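Report on the structure
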Amino acid sequence: MDVTVAEMKANLSNVLRKAAAGAEVQVTRHGKPYVRLGPARPERPTLPRVGAFDGQFQVPDNWDDIATGFEPYIE
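Throughout what follows, the structure given in this document is the object of discussion. Computed from a predicted model, the values in this text were never measured in an experiment.

**Overview of the side chain of Gln26**
- Structurally, the position occupied by Gln26 is in strand 2 (residues 25–29).
- Among all residues touching Gln26, those that are not within four sequence positions of it are Met1, Asp2, Val3, Pro33, Val35 and Arg36.

Printed below as a string of structure tokens:
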């Protein structure tokens, strides 16, 4: 949906309602694209806090000896 800045001023509530409903609204100024409006994005889920998995797994005793594949090759 394309609207001019003047149309946007005159019908702000209706234009915002349509954008919030999912319509992509492009506002033009002097015949050129000026601003694009759309619905707000949902917030990204946050990661759990450090320590949130406390007690749910154990680090093996040989953790430092586990091969990573980046060890230097010695013959």
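On we go.
**Things to note about the nonpolar core**
- Formed by Val3, Met8, Val15, Ala19, Val25 and Val27, the largest nonpolar core amounts to six residues.
- When residues of this core are traced back to their parent elements, those giving at least two are helix 2 (12–20) and strand 2.
- Apart from residues lying up to four places away in sequence, Val15 is in contact with Val3, Met8, Val25 and Leu37.

**Considering unusual backbone geometry**
- Positive phi, close to 55 degrees, is recorded for His30, a residue that is not glycine.
- Tracing the backbone shows His30 in the loop between strand 2 and strand 3 (32–37).

**A look at the side chain of Thr28**
- One can find Thr28 in strand 2.
- Among all residues touching Thr28, those that are not within four sequence positions of it are Val3, Thr4, Val5, Pro33 and Tyr34.

Criteria and thresholds
- Residues numbered from 1 in each chain as written.
- Predicted model: local features only at pLDDT ≥ 70, side-chain atom pairs only at ≥ 80, totals over all residues.
- Heavy atoms only, no water.
- Helix = DSSP H or I, 4+ residues; strand = E, 2+ residues; numbered from the N terminus.
- Contact = heavy atoms within 4.5 Å.
- Core = buried A, V, L, I, M, F, W, Y, C linked by side-chain atoms within 4.5 Å.
- Buried < 20%, exposed > 50% of the residue type's maximum accessible area, 1.4 Å probe, protein only.

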